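Here's the letter readout for the chains.
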Amino acid sequence: MQASNVFFLLMGLATLGFYLGRGRSLALAKDLRGIRDLHSLPNYYGYYTALWCGLPALLLLCIWVVADGSVLTGVVMESLPSAELPSDSVEYTLLANKISNLSIGVLPSAGQPDFLLDAAQQLRYLTQLSSWIMAVAVLALAMVGLIWGRAAVSANFRARQRVEKVVQYALFACACLAIFTTLGIVLSVLFESLQFFKSVPVADFVLGLDWSPQTAIRADQVGSSGSFGAVPLFAGTLLVSVVAMFIAVPIGLMSAIYLAEYANRSVRAYAKPALEILAGIPTVVYGFFAALTVAPYIRDVGEGWGLSVSSESALAAGAVMGVMIIPFISSLADDVISAVPQAMRDGSLAMGATHSETIRRVVIPAALPGIVAGIMLAVSRAIGETMIVVMASGMAANLTFNPLDSVTTVTVQIVTLLTGDQEFDSPKTLAAFALGLMLFIVTLILNIVALQVVKRFREQYE
Amino acid sequence: MNTTATLGTDNMAMAAVKKPTEGTDVSPFELAAEHATVGSFEVENAKMSIKNVNVYYGDKQAIFDVSVDIGKNEVIAMIGPSGCGKSTFLRALNRMNDTVDGCRVEGDIRMDGQDLYSPKLDVVELRARVGMVFQKPNPFPKSIYDNVAYGPKIHGLADTRVDLDEIVERSLRRASLWDEVKDRLYQAGTGLSGGQQQRLCIARAIAVSPEVILMDEPCSALDPIATARIEELIEELSQNFTIAIVTHSMQQAARVSQRTAYFHLGQLIEVNPTEQVFTMPEHALTESYITGRFG
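What counts and how
- Residues numbered from 1 in each chain as written.
- Chains lettered and ligands numbered in written order.
- Predicted model: local features only at pLDDT ≥ 70, side-chain atom pairs only at ≥ 80, totals over all residues.
- Heavy atoms only, no water.
- Helix = DSSP H or I, 4+ residues; strand = E, 2+ residues; numbered from the N terminus.
- Buried < 20%, exposed > 50% of the residue type's maximum accessible area, 1.4 Å probe, protein only.
- Contact = heavy atoms within 4.5 Å.
- Areas by Shrake-Rupley, 256 points an atom, 1.4 Å probe, with all protein chains shown as cover.
- Core = buried A, V, L, I, M, F, W, Y, C linked by side-chain atoms within 4.5 Å.
- Domains from an automatic or database assignment.
- Polar contact = N/O pair within 3.5 Å; in protein donor to acceptor, adjacent residues only side chain to side chain.
- Phe/Tyr/Trp six-rings, centres within 6.5 Å; stacked < 30°, edge-to-face > 60°.
- Lys NZ or Arg CZ within 6 Å of the ring centre and 35° of its normal.
- Expected span 1.5 Å × (residues − 1).
- Bend = angle between axes of the 7 residues up to and from the residue.
- Buried area = accessible area lost by both parts, 1.4 Å probe.
- Salt bridge = Lys/Arg side-chain N within 4 Å of Asp/Glu carboxyl O.
- Nonpolar A, V, L, I, M, F, W, Y, C, P; charged D, E, K, R; others polar.
- Disulfide = S-S within 2.5 Å.
- Axes fitted to C-alpha atoms, helices over the stretch in contact; angles between N-to-C directions.
- Parallel < 35°, antiparallel > 145°, perpendicular 65-115°, else oblique.
- Left-handed = near helix turned anticlockwise from the far one by under 90°.
- Pairing = 2+ DSSP bridges.
- pLDDT = per-residue confidence, 0-100.

**Focus: the overall build of chain B**
Next, step 1: Along its length, chain B carries eleven helices and eleven strands.
Next, step 2: Considering chain B as a whole, with its 295 residues, one finds that 55% of them fall into the buried category.
Next, step 3: Here the analysis covers contacts within chain B between residues at least 6 apart in sequence; of these, 68% occur between residues at least 24 apart.
Next, step 4: Accessible surface computed for chain B: about 12,400 Å², of which carbon and sulfur atoms make up 48%.

Right, here's the structure in full:
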């Protein structure tokens, strides 16, 4: 039987458990003075029984599904004639895959050696057996749980607290999931980065001023210096992000102030969604807007002033990116500004402050933590943005702080390093992970700094 | 009988209150169709003079034809059941109602003869002259010092830091808060207790030397001890300021005010010297209210 079928059966059993537990509590209540003499409401007894029925069995099901494949393959591999068993771990995995593919029928069996066909046959048999055992075991456990849970139902039994405890653990598990995912991502990036740092010293990577990741395949190739200095990339990222923030922060903040403080209801009803549409435009679309419209325009204007502007410039990418992230700032800032209590404004207005003084001296300081949070979100967005930069500011890893030059960013380089055919043992590919790690560390530091800044300058209202 | 102004005997009041559904004239749940305020609503040396004021929230009328004077250095208390328009009336006096969408004020409100609703009037300047203390203490999320210095700073009342320090200290002393906070002037005002916060708000209001202070139930969120301190403070302040206070506590009105105005469903029913209002009210509704028959 398939795991999904077992799952649905299990859910059915749990539902049954709910009604059985609830029914038993109602039956108990009948002999007393009604539901009021039960410790918990009947539904809680139902949930309690359902949880006993469903949870342990579900856990067993999960473990079985996860462990099933590798255990069975291991058993089959053990039974192979030792002469055929490869000693190399890579070869071993390949063989195991071959057997499992044969057993499912993905690989045609014609022309395969007999011992493999036998093994596949055995695997098929074992898989089937295992799934049946699983179904029986899981459902049996569910039944035991159901009986156990239902037996526990009594008038004094504190089902309410028990159920809520389980809910609390479930919430905790969800919170952990997010943390473990982050941890998993960090670790996976970290291990690949360590591989990379075996071939390129950390100092060369972090402090190197030259980025040209082409490694030579043949010794006589030209232009394959293979130098991995990340500084130009981070400089480029910084430059583009700073340009973007210069556009997004003032415009976003001011539009938020207008929307929250000055706009009347009907204007707000249209203006706010309209602003938020900006966030819904795909970044690729922004990318070609930047590349085809903004960048040439900036170049033309620049040339009019006698400046030399590259046709793909950090300014173009940053400006368009800034427009893209306006709604992140304006929307969040609008929310926190609106959340500042009217009593604060009244207090200030009643002192004879004008509307604008009230906003500058009372409302904005009170809303500061939320505003900074919005800006931080926007900064992360700017640093992580790839598409616009690829299209509008080029790929050249120039170490420059001139926004009219073409630059490249960390994320763009990660994309170029990881697209196309890659070999996962060359520093060129692994460099992508090291860049990712660095980027992660940089944004982490930025976030911590921002939190500290907010902590120091916040004005907390009650 | 519709002219409630002529009412005043005990019998009629009793009848009205005991049988409010009978359609006799002074049901506490209906507006009097024709109405005039009874009592001494005019004074000789008026600081503010309010004539025939109506206030509307959108289509709904909240204040009906209120006329009353507020004397110089007088404490006038406004009492009445919840929703009777006391606060709305108070907020009309420094045009705080301007901040409420759809709120409209008609009639004539003058301070020292100057029309407060004239288009030429500078609202910002008016509010500096007519300060306000709110029901819930609303100190700014700034330090105690900055709270008090807020008004003087925006109005440019202090040229130097020394001047400002002096204003802050003087205001806090007048609000009898100085001794409690002088060692922590630079800590957050929101960290004070409720009563201290309210006194801080009073200090903030008097820091700009207003002429009139409006208080909208300033003690309703405070415990009895904090309330007693605020009441003492009001008495002291009345030497220099004209004070209009809205309160739900009749004892408070009796303790702090010279005159008391009774509001009922947006109408000003009676204005008289406080002692008289609480001992021999002229109007049946006033009597019903102060004897606790409703409200």
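**Points about the nonpolar core**
Next, step 1: Membership of the largest hydrophobic core comes to 73 residues, with the highest contact counts inside it found for Phe205, Met245 and Leu435 of chain A.
Next, step 2: No other element matches helix α12 (residues 355–384) of chain A, which puts twelve residues into this core.
Next, step 3: Here Leu435 of chain A is in contact with Phe205, Trp211, Ala230, Leu233, Phe234, Val410, Gln413, Ile414 and Leu417 of chain A, once residues within four sequence places are set aside.
Next, step 4: Ala149, Ala207, Ile213 and Ile245 of chain B belong to the second-largest nonpolar core, a separate cluster that totals 44 residues.

**What to know about the domain arrangement of chain A**
Interfaces are often sized by the amount of accessible area the parts lose when they come together.
Next, step 1: Examined at the domain level, chain A breaks down into domain 1 (3–157) and domain 2 (227–461).
Next, step 2: Once you take the C-alpha centre of each, domain 1 of chain A and domain 2 of chain A turn out to be 49 Å apart.

**Describing the side chain of Ser67 of chain B**
Residue and element names in this part refer to chain B.
Next, step 1: Along the chain, the position of Ser67 falls in strand β3 (residues 60–71).
Next, step 2: Within the structure, Ser67 has its side chain in polar contact with the backbone nitrogen of Asn52 (distance 2.8 Å).
Next, step 3: The residues contacting Ser67, other than those within four sequence positions of it, are Phe41, Ile50, Lys51, Asn52 and Leu268.

**Examining the packing of aromatic side chains**
Next, step 1: Evaluation of the coordinates by the stated rule reveals 14 aromatic pairs over all chains.
Next, step 2: Taking 5.3 Å as the distance between ring centres and 75° as the angle between the ring planes, the aromatic pair formed by Phe196 of chain A and Phe205 of chain A counts as edge-to-face.
Next, step 3: Above the ring of Tyr56 of chain B, the side-chain terminus of Arg104 of chain B is found at 4.3 Å from the ring centroid.
Next, step 4: In this arrangement the basic side chain of Arg204 of chain B is found over the ring face of Phe140 of chain B, its NZ or CZ atom lying 4.2 Å from the centre.

**Focus on α12 of chain A**
Next, step 1: In a regular helix each residue adds 1.5 Å, so 30 residues correspond to 44 Å; α12 of chain A covers only 38 Å between its end C-alpha atoms and thus falls short of that length.
Next, step 2: In α12 of chain A, a bend of some 60° at Leu368 of chain A exceeds every other bend along the element, and Pro369 of chain A, a proline, comes one to four places later.

**Overview of the interface of chain B and chain A**
Next, step 1: The interface is formed by 27 residues belonging to chain B together with 21 residues belonging to chain A.
Next, step 2: Where chain B abuts chain A, roughly 1,900 Å² becomes buried across the two surfaces, and 59% of that area is made up of carbon and sulfur atoms.
Next, step 3: Looking only at chain B, the three residues that lose the most surface to chain A are Pro141, Tyr150 and Ile154 of chain B, adding up to 30% of its buried area.
Next, step 4: Here chain B and chain A share one salt bridge between them.
Next, step 5: A salt bridge links Asp346 of chain A to Arg91 of chain B, with the shortest nitrogen-to-oxygen separation between them at 3.8 Å.
Next, step 6: Elements with a contribution of two residues or more to the side of chain B that touches chain A: α3 (123–129), β7 (130–133), α4 (144–155) and α7 (194–206) of chain B.
Next, step 7: The leading source of residues in the side of chain B that touches chain A is α4 of chain B, at five residues.
Next, step 8: Among the residues making up the side of chain B that touches chain A, the classes are represented as 13 nonpolar, eight polar and six charged.

**With respect to the state of the cysteines**
Residue and element names in this part refer to chain B.
Next, step 1: Counted according to the given criterion, the structure contains zero disulfides over all chains.
Next, step 2: Considering cysteine sulfurs only, Cys103 is the nearest to Cys84, which forms no disulfide, with 15 Å between them.
Next, step 3: For Cys84, a relative accessible area of 1% gives the class buried.
Next, step 4: Free cysteine Cys219: the closest other cysteine sulfur is in Cys201, separated by 12 Å.
Next, step 5: Overall, Cys219 belongs to the buried group, its relative accessible area being 7%.

**As for unusual backbone geometry**
All names here are of chain B.
Next, step 1: For Asp65, which is not glycine, the phi dihedral falls at a positive 50°.
Next, step 2: Tracing the backbone through its elements, the reader meets Asp65 in strand β3.
Next, step 3: Phi is positive for Leu265, which is not a glycine, with a value near 50°.
Next, step 4: Looking at where Leu265 falls in the secondary structure, it is placed in the loop between β10 (259–264) and β11 (267–273).
Next, step 5: Taking the relative accessible area as the measure of exposure, Leu265 reaches 33% and is therefore partly exposed.

**Focus: the packing of helix α7 (residues 231–262) of chain A against α12 of chain A**
All names here are of chain A.
Next, step 1: Running from N to C, α7 and α12 cross one another at 140°; their axes reach a closest spacing of 9 Å. Relative to α12, the element α7 lies oblique. You can see that α7 and α12 cross each other, and the crossing is right-handed. On α12, the residues touching Thr237, Ser241, Met245, Val249, Leu253, Ile257, Glu261 and Tyr262 of α7 are His355, Ser356, Ile359, Val363, Ile364, Ile371, Ile375, Ala378, Val379, Ala382 and Ile383.
Next, step 2: Its residues assigned to classes, the contact of α7 with α12 comprises 14 nonpolar, four polar and one charged.

**Quick notes on the pairing of β7 of chain B**
Residue and element names in this part refer to chain B.
Next, step 1: Side chains of β7 alternate between two faces, with Val130 and Met132 and Gly131 and Val133 buried alike.
Next, step 2: Here β7 pairs with strand β8 (residues 212–216) via four bridges, running parallel. Bridge pairing links Gly131 to Ile213 in β8.

**What about helix α2 (residues 86–93) of chain B?**
Next, step 1: Here α2 of chain B lies mainly inside the structure; seven of its eight residues are buried.
Next, step 2: Taken together, the buried positions of α2 of chain B are occupied by Lys86, Thr88, Phe89, Leu90, Arg91, Ala92 and Leu93 of chain B.

**Description of the pairing of β10 of chain B**
Residues and elements named next belong to chain B.
Next, step 1: Most of β10 sits inside the fold, with six of its six residues counted as buried.
Next, step 2: Two elements, strand β4 (residues 75–79) and β10, share four bridges in a ladder whose sense is parallel. Of the residues in β10, the one forming a bridge with Ala77 is Thr260.
Next, step 3: Direction of pairing for β10 relative to β11: antiparallel, over a ladder of six bridges. In the strand pairing of β11, Ala261 is matched with Val271.
Next, step 4: Taking the residues that link successive antiparallel strands as the turn, the β10-β11 hairpin has two residues, and the phi of Leu265 there is positive, at about 50°.

**Quick notes on the confidence of the model for chain B**
Residues and elements named next belong to chain B.
Next, step 1: Here chain B averages 85 in pLDDT, while 88% of its residues score no lower than 70.
Next, step 2: Here residues 1–25 is a poorly scored stretch, pLDDT under 50, and it has 29 contacts once near neighbours within four places are set aside; other chains count.
Next, step 3: This prediction of the complex comes with two scores: 0.74 for pTM and 0.83 for ipTM.

**Notes on the packing of α4 of chain B against α7 of chain B**
Residue and element names in this part refer to chain B.
Next, step 1: Contact pair α4 / α7: the axes reach a minimum separation of 7 Å and the direction vectors enclose 30°. Of the two elements, α4 crosses α7, and the hand of that crossing is right-handed. The residues of α7 that touch α4, namely those facing Ile144, Asn147 and Val148, are Leu200, Ala203 and Arg204.
Next, step 2: Its residues assigned to classes, the contact of α4 with α7 comprises four nonpolar, one polar and one charged.

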